[in-house]
There are 2 protein chains.
Amino acid sequence: MKPTVHDIASKAGVSLATVDRVINLRPGVHAVTRAKVETAILELGYVRDMAAANLAKGRSYALVFILPNNDNSFMAGLRAEVRAAASRSYVDRTSIRIIEVPPFDAAALAQALDVARLEKPSGVAFVAIDAEDVVEAVDRLTDSGIAAVTLVSDLTGSRRDHFAGVDNVAAGRTAASLMGRFLPEKGGDVAVLAGSMLVKDHRERLAGFKAVMEEEFPDLRLLPVLEGRDDPDTVQRLVAECLETNPQLLGLYSLGAGNRGLIKALKSSRQLSSPCVIAHELTENTTNALAEGVLDAVLNQNAGHEVRSAIRVLKARADGLAVIEAQERIRIDIFLRDNLP
Amino acid sequence: MKPTVHDIASKAGVSLATVDRVINLRPGVHAVTRAKVETAILELGYVRDMAAANLAKGRSYALVFILPNNDNSFMAGLRAEVRAAASRSYVDRTSIRIIEVPPFDAAALAQALDVARLEKPSGVAFVAIDAEDVVEAVDRLTDSGIAAVTLVSDLTGSRRDHFAGVDNVAAGRTAASLMGRFLPEKGGDVAVLAGSMLVKDHRERLAGFKAVMEEEFPDLRLLPVLEGRDDPDTVQRLVAECLETNPQLLGLYSLGAGNRGLIKALKSSRQLSSPCVIAHELTENTTNALAEGVLDAVLNQNAGHEVRSAIRVLKARADGLAVIEAQERIRIDIFLRDNLP
DNA sequence: CTGTTAGCGCCTTCAT
DNA sequence: ATGAAGGCGCTAACAG
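Residues numbered from 1 in each chain as written. Chains lettered and ligands numbered in written order. Predicted model: local features only at pLDDT ≥ 70, side-chain atom pairs only at ≥ 80, totals over all residues. Heavy atoms only, no water.

**Q** Is there a simple way to explain the packing of aromatic side chains in this structure?
**A** A full pass over the atoms with the stated rule returns three aromatic pairs over all chains. Between Phe182 of chain A and Phe182 of chain B, the ring centres sit 6.1 Å apart and the planes meet at 45°, which makes this aromatic pair tilted. Linking Phe182 of chain A in helix α9 (residues 168-182) with Phe182 of chain B in helix α9 (residues 168-182), this pair reaches from one chain into another. When sorted by exposure, Phe182 of chain A lands in the same class as Phe182 of chain B, which is buried. Centroid distance Phe209 of chain B to Tyr253 of chain B: 4.4 Å. Interplanar angle 25°. Geometry classified as stacked. Of the two residues, Phe209 of chain B sits in helix α10 (residues 200-216) while Tyr253 of chain B sits in strand β9 (residues 251-254), which places them 44 residues apart along the sequence. With respect to burial, Phe209 of chain B and Tyr253 of chain B carry one shared label: buried. (Phe/Tyr/Trp six-rings, centres within 6.5 Å; stacked < 30°, edge-to-face > 60°. Helix = DSSP H or I, 4+ residues; strand = E, 2+ residues; numbered from the N terminus. Buried < 20%, exposed > 50% of the residue type's maximum accessible area, 1.4 Å probe, protein only.)

What follows is the structure in C-alpha cells.
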C-alpha cells in the first residue's frame, strides 16, 4: 500500500499538520521536527498524491496565452488549439485566458506580458519576438514566480522556463537536404521566402537552410531572401514577381507562413517546369497543394502538441514538478504526398 | 463555480447516495427519481470530477502489456518505455504488468491474452500477430469487458478498441517516394528486406512501398522480398548475400527490424557506389548510421508516444470516456541526417 | 512551534 | 427505493 501523510505522521510521531508543513516547505517547523519528518518520508518512500492535494486546495491553474492575431492558417490553428484546451479546462483544473496581440509588434507583446503578470496567473505561454523589452517583461514574470513558456518561437537571453516548439535550425537544414536531393540537376537558383527576420524561428530556419546548401549543394545559388510578413497577399505578390523574373527557378523554400498566397502564385504561374517547393505548416491549403503536387514537401510543427505540452509544462513548473522530457520534445513532422494525415 | 453532487442533490431534492447511483448507472433507483436527477444534471451542466472519484474509490487501473521478447533495439526500446510508464504508475493510478512472449508466435500470444484476461485487468495492450486464434482471444477479452489496444501492429477482424501505431501503408508509400526521388538515375534494382509477412505492419509497409514504386517509379525493379525475421544475424547474412549478388543495387528498403545486422552488412560491403538505404525505427544504431551516411533516411514510430497513448486510451475506455483523437494519432517520423534528435 | 478539526468531490457501507 | 454517515489523501483554518 502506498504510504500516506498518516503513515509518515505516525512514523515521525507528529501530527498531520506538521507533515503538511514540511511537505509544502512552509515555515514554522523546528529543524529537529522537520528532520524527523523528512527521514520518515524518505524511509517510507512517500510521494504525495497531487490529485488529492489539488482537490483539497480546490486548486485551478490560471494560465494566460498571448497569441498574435495573424491572418494565416497556422496561427489560426494555434489559437483554435488553445481554445480547445480551454474548453477542456473543467477536467484539467486549468482556466485559460487568451490575449491577442498584433503580429511582429514587440512593444505590444511586452505590454501584454505585463498585463498578464498583473493577473497573477500560474503561468504564461507566448509566441516570442526577439527584442530587449520583451526579454525584460519575461524576466519580470519569472521574478514574480510565474512560469513562462515560449511557444513556436523562442527568446534567447530571457529566463523563460521552457520552449514549446521545434528545433528550427534543424528544420531549415532538413528542408535544404530534401530540396538538394529532390532536385535532379545541379546548378541553378533557389529562392527563399521568409516572414520576418524579427522572429527567431525564421532566422534559425534560414540559417540552417543556408548552412546545408553551402556545405552540401554548392552548385545551388540562393537568391536574396524575400520577406512576406506571413501575410498571404504580400506573399502572393512577392512570389509572383520572383517567378516572373526567374523563369528557370529550380527551388523555392517558404520558411514562414502565409502559404495561401504562395500557392496561389505558384498555381497561376506559367513556368515550363515548376520548381521544387518546400513549405512549413500543414494546413488545409498546404495539404491540398501537397496532394496536387504544387508543393513537394511540408515541414510541420504540431500545434496541438505544442499547446498541450505548454500546458503540461506550465502546470508542472507551477508545482515544481518534473515533466517527461521526451513527451515535451516537439518533433519536426515531414509530410510528403504519401503520408498526409 | 462548477456544480457538484451536492448541487444536483439539492436541486433534485434527493440525497447524495441517490445522485451517485444515477451517475454511476447503478440499479435501485425509481424511474421517476432517476429522471429528476438526470434533469438536474443536465440543467446544471454537471461534469463529474474524475480525480475526486478515483480518490474516493482508491481506484488503480490494472493494465497488462504483452510484448515480444525480440532481440532488436526497437522492441527493447518499447519494453523500456513500458517499464518507464510502470515506474510512473504511482502518479498515474495505474499498475502495469508486462508479459513477454516469443516473437512471431501466434499461439503463445493467444495464450498470453487468455492469461491476462483471467487477471481481470482494466485493459490489455499487445503487439498483434495476424492469426485466427489471436482474434478469438482478443474477442474473449472485450467480451469480458476488458479494454484491448493493439500496439505497433494491428489486428483486423478483431474487436480491439484502438490501434496505437502508425499507418503502415503510408509509411511504405513514404519510403518509396523518398527513395524514388533520392535516386538520381532511372532504371535499376531495389531490394526489400522485411521481418515477417506474418505481421500486419510489415505486410502493409510492403504493399505501400510496392504501390508507389509501380505507380511513380516504374523503371525501378523490385527484387524478391527477403525475410530477416527481425533478427540481426539473419538480416546481416541476407543483406550481405544480396549485395554480393547485386553489385549494382540502387536502393534498399528495410521495412522491419534487426537493423544492427543491416548496418554491419552495409559497412563491410565493398560496393563501388553504396545504395540508397531507407530503414525503420530510430535507435542508437540507426542514428549513428544516419549520421555517417550509411542510411539515407529512417522512418520512425515514437515508442514512448505509443505506450503513453495506449495507456491513456485504455484508461479512458475503462471509464467510458472520450480521448483527444489528435493526441492519439501516432505520426510517422521521418529522420534525415539533419533532424536527428 | 505544534495539534485538532473540518472539508474538497465523490463513493461506499449500513440503515431505514 | 432512499438516506445518513464516514472516509479516500491532502490542506486550511484555528487553537493551543
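**Q** Whenever I open this one, the sheet that holds strand β4 (residues 147-151) of chain A confuses me. Can you help?
**A** Either a parallel or an antiparallel arrangement is found when strands of a sheet pair, and the pairing is made through backbone hydrogen bonds. Residues and elements named next belong to chain A. With respect to topology, five strands assemble into an open sheet ordered β2-β1-β3-β4-β5, the strand pairing being parallel. Strand pairing shows two members of the sheet lacking a second neighbour, β2 (94-101) and β5 (162-164), which therefore form its edges. In this sheet, adjacent strand axes meet at a mean angle of 20° when their direction is disregarded. (Pairing = 2+ DSSP bridges. Axes fitted to C-alpha atoms, helices over the stretch in contact; angles between N-to-C directions.)

**Q** What am I meant to see in the sheet that holds strand β1 (residues 61-68) of chain B here?
**A** Residue and element names in this part refer to chain B. One open sheet holds the five strands; their spatial order is β2-β1-β3-β4-β5, and the pairing between them is parallel. Looking at which strands have only one partner, the edges of the open sheet turn out to be β2 (94-101) and β5 (162-164). Strand-to-strand twist in this sheet, taken as the mean axis angle between neighbours without regard to direction, amounts to 20°. When β1 meets strand β3 (residues 123-126), the two strands line up parallel, connected through four bridges. By the bridge assignment for β3, Leu63 is matched with Gly123. Against the sheet, helix α7 (residues 106-118) makes contact with β1, β2 and β3, and its axis sits at roughly 155° relative to β2, the strand it touches most. (Contact = heavy atoms within 4.5 Å.)

**Q** For this particular structure, what's the right way to read the domain arrangement of chain A?
**A** Where the parts come together, the accessible area they lose is often given as the size of the interface. In terms of domains, chain A is made up of domain 1 (5-48), domain 2 (56-165 + 303-330) and domain 3 (168-301). Taking the mean C-alpha position of each, domain 1 of chain A and domain 2 of chain A sit 34 Å from one another. (Domains from an automatic or database assignment.)

**Q** Is there a simple way to think about the nonpolar core in this case?
**A** Note that soluble globular proteins tend to have their nonpolar side chains buried in a common cluster. Of all hydrophobic cores here, the largest spans 58 residues; its most connected members are Leu178, Met179 and Phe209 of chain A together with Leu178, Met179 and Phe209 of chain B. Residue contacts for Met179 of chain B: discarding those within four places in its chain leaves Val190, Phe209, Met213, Gly251, Leu252, Tyr253, Cys276 and Ile278 of chain B. (Core = buried A, V, L, I, M, F, W, Y, C linked by side-chain atoms within 4.5 Å.)

**Q** Can you help me understand the relation of the copies chain A and chain B in this one?
**A** Mapping one chain copy onto the other needs a rotation about an axis and a shift along that axis. For the match of chain A to chain B, the screw axis carries a shift of 0.1 Å, the RMSD comes to 0.2 Å, and the turn is 180°. Taken together, the rotation angle and the small translation identify this as a two-fold axis. The fraction of interface residues of chain A whose copies in chain B are also interface residues reaches 100%, indicating that both copies meet through the same surface. (Least-squares fit on C-alpha atoms with pLDDT ≥ 70 in both.)

**Q** Got a minute to help me understand the protein's contact with DNA strand D in this structure?
**A** Among the 24 residues in the neighbourhood of DNA strand D, the closest are listed as Val5, Asp20 and Tyr46 of chain A together with Arg21 and Thr33 of chain B. Backbone sugar and phosphate groups make up 69% of those atoms of DNA strand D lying within 4 Å of the protein. In the environment of DNA strand D, a phosphate oxygen lies 3.1 Å from a nitrogen or oxygen atom belonging to the side chain of Arg26 of chain A. Of the residues that constitute the surface near DNA strand D, the class distribution is 11 nonpolar, seven polar and six charged. (Near = heavy atom within 4 Å. Polar contact = N/O pair within 3.5 Å; in protein donor to acceptor, adjacent residues only side chain to side chain. Nonpolar A, V, L, I, M, F, W, Y, C, P; charged D, E, K, R; others polar.)

**Q** For this particular structure, what's the right way to read the pairing of strand β6 (residues 188-194) of chain B?
**A** In regular strands, side chains alternate between the two faces of the sheet. Residue and element names in this part refer to chain B. When you tally the buried positions in β6, you get seven out of seven residues, the bulk of the element. Burial along β6 is two-sided: the residues Gly188, Val190, Val192 and Ala194 and Asp189, Ala191 and Leu193 are all buried. As paired elements, β6 and strand β7 (residues 220-222) share three bridges and run parallel to each other. Looking across to β7, one finds that Asp189 is bridged to Arg221. Following the chain from β6 across α10 to the adjacent parallel β7, one finds a crossover that is right-handed. Of the pairings in the sheet, the one linking β6 to β9 comprises four bridges and is parallel in character. Its bridge partner being in β9, Val190 is matched across the sheet by Gly251. Here β6 runs beside strand β8 (residues 226-227); their pairing, made up of two bridges, is parallel. Along β8, the bridge assignment pairs Leu193 with Leu226. (Right-handed = clockwise from strand over helix to strand, strands pointing away.)

**Q** Can you walk me through the protein's contact with DNA strand C in this structure?
**A** The environment of DNA strand C is formed by 23 residues, the closest being Arg21 and Thr33 of chain A together with Val5, Asp20 and Tyr46 of chain B. Close to the protein, within 4 Å, the atoms of DNA strand C belong to sugar or phosphate groups at a rate of 66%. Within the side chain of Asp20 of chain B, one N or O atom sits 2.5 Å away from a phosphate oxygen of DNA strand C. Ala52 of chain B has a polar backbone atom sitting 3.4 Å from a base nitrogen of DNA strand C. Of all the secondary-structure elements, those providing two or more residues to the surface near DNA strand C are α2 (16-23) and α4 (50-57) of chain A together with α4 (50-57) of chain B. Broken down by element, the surface near DNA strand C gets its largest block of residues, four residues, from α4 of chain B. Across the surface near DNA strand C, the residue classes break down as 10 nonpolar, seven polar and six charged.

**Q** Sorry if this is basic, but what is going on with the interface of chain A and chain B here?
**A** With 36 residues of chain A in contact, the opposing surface of chain B contributes 36 residues. When the two sides are added together, the surface that chain A and chain B hide from each other amounts to roughly 3300 Å², 51% of it contributed by carbon and sulfur. Counting the surface chain A buries against chain B, the share from its top three residues, Arg181, Arg331 and Asp338 of chain A, is 22%. Remark: the boundary between chain A and chain B carries nine salt bridges. We note a salt bridge from Glu216 of chain B to Arg337 of chain A, for which the minimum N-O separation is 3.9 Å. Counting every contact that joins chain A to chain B gives 11 residue pairs in polar contact (both at pLDDT 80 or more). Sorting the residues of the side of chain A that touches chain B by element identifies α4, α9, α10 (200-216), α14 (303-319), α15 (325-328) and β12 (333-335) of chain A as the ones contributing at least two each. Ranked by the residues each element gives to the side of chain A that touches chain B, the list is headed by α9 of chain A, at seven residues. The residue makeup of the side of chain A that touches chain B, split by class, is 15 nonpolar, six polar and 15 charged. (Buried area = accessible area lost by both parts, 1.4 Å probe. Salt bridge = Lys/Arg side-chain N within 4 Å of Asp/Glu carboxyl O.)

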